[in-house]
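Given next are the chains, with one letter for each unit.
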Amino acid sequence: LFGLALSGYILEIPLKLHQAVVPLSKLGVVQGCIRLAGVGIGLFLWPHAAVAILGTGLAQAWGNWRMRKLSRKFSEHTNREDTVIREGILRVVRRSMPNAIYYCISSQISVYLISILGSTEAVAQVGALGRIGQMLGISSIILCGVLVPRYARLKVDSGLLTNRFMLIFGLGCS
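Residues numbered from 1 in each chain as written. Predicted model: local features only at pLDDT ≥ 70, side-chain atom pairs only at ≥ 80, totals over all residues. Heavy atoms only, no water.

Trainee: Would you mind going over helix α4 (residues 83-117) with me for this structure?
Mentor: One turn of an α-helix holds 3.6 residues; hence residues three or four places apart share an orientation. The terminal C-alpha atoms of α4, which comprises 35 residues, lie 50 Å apart, in line with the 51 Å expected from a rise of 1.5 Å per residue. The opening residue of α4, the one whose side-chain oxygen lies 3.3 Å from the backbone nitrogen of V84, is D82. (Helix = DSSP H or I, 4+ residues; strand = E, 2+ residues; numbered from the N terminus. Expected span 1.5 Å × (residues − 1). Polar contact = N/O pair within 3.5 Å; in protein donor to acceptor, adjacent residues only side chain to side chain.)

The structure is reproduced here in C-alpha cells:
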C-alpha cells in the first residue's frame, strides 16, 4: 500500500506542474468513492483490517493506472533514468528519512505517553488538536496543488523567485 501511494504521488507531479487540476480532482473523487465502496462493502461482509487494506489498495492501484494514462500527455515514460539525478534524489531521501519516520510515529507516541502519564481528558485534547491539524491540511492541499507548481515553473531569476517566495510565505503565515 505504501508503494502504491508513493507511486501515485510521483505520477501526480506532471499533472500538478501543468495545472491539470480538473482531471486530477475528478480522479481523486472517483478514487475516493471506489475506496469508500470497497472498504465499506468489504468490512460489512468480513470485518477485518486486511479487507480494509485490500479495498484501499485496489482503489489506489486503479487510481495509479488512470493517473499514468493522464500523465503520459505531459511526460515521456520511455526515457532512461539518469544515474546522476537518481543519486541526487536518493541523497535527499536519505537525509529526510529520519524526519519522515518521526512524523509517522510521533502522534502515536504522544497518545501512548499521555495515556500512561496523563488523564483521559488529556488524550481527548490531543485528539482535538489532531482534528485542528486536519482542518489546516486543507490549506496545505491548496498550497501543494496550486501555488507550488506555479512557483516551480518560474524563470530562474533570483529577484523574482525571492519575491514570489516571500509572497507565498506571507500567505502561509497569515
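Once you've had a look at it, read on.
Trainee: Before we go on, may I ask you to explain a nonpolar patch on the surface in this structure?
Mentor: Where nonpolar side chains cluster on the molecular surface, the patch consists of I85, I89, V93, M97, I101, I105, I109, Y112, L113, I116 and L117 and spans about 1100 Å² of accessible area. Here V93 shows up in helix α4. (Patch = residues over 30% accessible without salt bridge, like charges linked within 9 Å, V, L, I, M, F, W, Y side chains within 5 Å. Areas by Shrake-Rupley, 256 points an atom, 1.4 Å probe, with all protein chains shown as cover. Salt bridge = Lys/Arg side-chain N within 4 Å of Asp/Glu carboxyl O.)

Trainee: Sorry, what's going on with the pattern of salt bridges here?
Mentor: When charged atoms on two side chains of opposite charge get close, those side chains can pair. Considering all chains together, one arrives at two salt bridges under this definition. The salt bridge partner of E12 is K16, with a shortest N-O separation of 3.3 Å. Of this pair, E12 and K16 both sit in helix α1 (residues 2-17), four residues apart, roughly one helical turn. Looking at E12, the relative accessible area reads 17%, which means it is buried. (Buried < 20%, exposed > 50% of the residue type's maximum accessible area, 1.4 Å probe, protein only.)

Trainee: Is there a simple way to explain the nonpolar core in this structure?
Mentor: One recurring pattern in soluble globular proteins is that nonpolar side chains are buried together. Counting residues in each nonpolar core, the largest one holds seven residues, listed as L11, L15, A20, L24, L27, M67 and L70. Among the elements of the structure, α1, α2 (21-45) and α3 (49-71) are those that each provide at least two residues to this core. Once residues within four sequence positions are removed from consideration, M67 is found in contact with G8, L11, E12, L15, L24 and L27. (Core = buried A, V, L, I, M, F, W, Y, C linked by side-chain atoms within 4.5 Å. Contact = heavy atoms within 4.5 Å.)

Trainee: Looking at this model, I keep getting lost on the packing of α1 against α3. Mind explaining?
Mentor: One can describe the packing of α1 onto α3 by two numbers: an axis separation of 9 Å at closest approach and a directional angle of 25°. Considered as vectors, α1 and α3 are oriented roughly parallel to each other. Of the two possible hands of crossing, α1 and α3 adopt the one that is left-handed. Facing L4, A5, S7, G8, L11, E12, P14 and L15 of α1, the residues of α3 in contact are G57, Q60, A61, N64, M67, R68, L70 and S71. Among the residues making up the contact of α1 with α3, the classes are represented as eight nonpolar, six polar and two charged. (Axes fitted to C-alpha atoms, helices over the stretch in contact; angles between N-to-C directions. Parallel < 35°, antiparallel > 145°, perpendicular 65-115°, else oblique. Left-handed = near helix turned anticlockwise from the far one by under 90°. Nonpolar A, V, L, I, M, F, W, Y, C, P; charged D, E, K, R; others polar.)

Trainee: Please explain the environment of R35 as it appears in this structure.
Mentor: Residue placement: R35 occurs in helix α2. Classification of R35 as partly exposed rests on a relative accessible area of 27%. Between the alpha carbons of R35 and G3 there is a distance of 17 Å; along the sequence they are 32 residues apart. If we ignore the near neighbours within four places in the chain, the residues touching R35 are T56, A59 and Q60. Within polar-contact distance, the side chain of R35 engages the side chain of Q60 at 3.5 Å.

Trainee: I'm lost on the packing of α2 against α3 in this one. Help?
Mentor: Helix packing geometry: the angle between the two helix axes and the distance between the axes. Running from N to C, α2 and α3 cross one another at 160°; their axes reach a closest spacing of 8 Å. The orientation of α2 with respect to α3, classified from their angle, is roughly antiparallel. The crossing of α2 and α3 is right-handed. Facing P23, L24, L27, V30, Q31, I34, R35, G38, V39, G42 and L43 of α2, the residues of α3 in contact are V51, A52, G55, T56, A59, Q60, W62, G63, R66, M67 and L70. For the contact of α2 with α3, the residue count by class is 13 nonpolar, seven polar and two charged.

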